Amino acid sequence: METRVLQYFLKIAELGNITKAAAELHITQPTLSRQLQNLEEAVGTPLFKREKRQMILTSAGVLYQQRVQQILADIDKLNRDMQQCIALTRSVSAVLSRLVLNF
């Protein structure tokens, strides 16, 4: 599953309206609806209760929202940690290169 789809889910949950979510995400409403339908099929249960112009999280949707928020936060932290690791590795390599050149 792509993180993009998880972000779509969170935006729909945040706004409670698929049309508004699509506008904020800069995608078409049918595309977003299809992505949500595919997501619900993949998890095997409805994540939203659909009412007139409003999307309300089901109990499964609330649980999914909590887990998705944590997963995306973990991915963001992982990416930051990796960037720090890369920067540190480059710094160490630069220092070692200078030391070797001085000998």
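Just so you know, these numbers come straight off a predicted model, no measurement behind them.

**A word on helix 3 (residues 29–43)**
(1) Moving on: Between its first and last C-alpha atoms helix 3 spans 21 Å; for 15 residues at 1.5 Å apiece the expected length is 21 Å, and the two agree.
(2) Moving on: Taken together, the buried positions of helix 3 are occupied by L32, L36, L39 and E40. Viewed along the axis of helix 3, the buried residues span an arc of 95°, placing them on a single side of the element. In helix 3, the exposed positions angled more than 90 degrees off the buried face are occupied by E41 and A42.
(3) Moving on: For helix 3, the elements touching its buried residues are helix 1 (3–15), helix 2 (18–25), strand 1 (48–51), strand 2 (54–57) and helix 4 (59–102).
(4) Moving on: Looking one or two residues past helix 3, G44 carries a phi angle of roughly 85°, positive in sign.

**Some words on the nonpolar core**
(1) Moving on: F9, I12 and F48 are the most contacted members of the largest nonpolar core, which totals 19 residues.
(2) Moving on: Only helix 1, helix 2, helix 3 and helix 4 provide two or more residues apiece to this core.
(3) Moving on: Top element by residues in this core is helix 1. It accounts for seven residues.
(4) Moving on: Filtering out sequence-adjacent residues up to four positions away, F48 remains in contact with F9, I12, A13, L36, E40, M55, I56, L57 and T58.

Reading guide: rules and limits
- Residues numbered from 1 in each chain as written.
- Predicted model: local features only at pLDDT ≥ 70, side-chain atom pairs only at ≥ 80, totals over all residues.
- Heavy atoms only, no water.
- Helix = DSSP H or I, 4+ residues; strand = E, 2+ residues; numbered from the N terminus.
- Expected span 1.5 Å × (residues − 1).
- Buried < 20%, exposed > 50% of the residue type's maximum accessible area, 1.4 Å probe, protein only.
- Arc of directions from axis to C-beta.
- Contact = heavy atoms within 4.5 Å.
- Core = buried A, V, L, I, M, F, W, Y, C linked by side-chain atoms within 4.5 Å.

So far we have only geometry, and geometry alone does not tell us how the molecule works.
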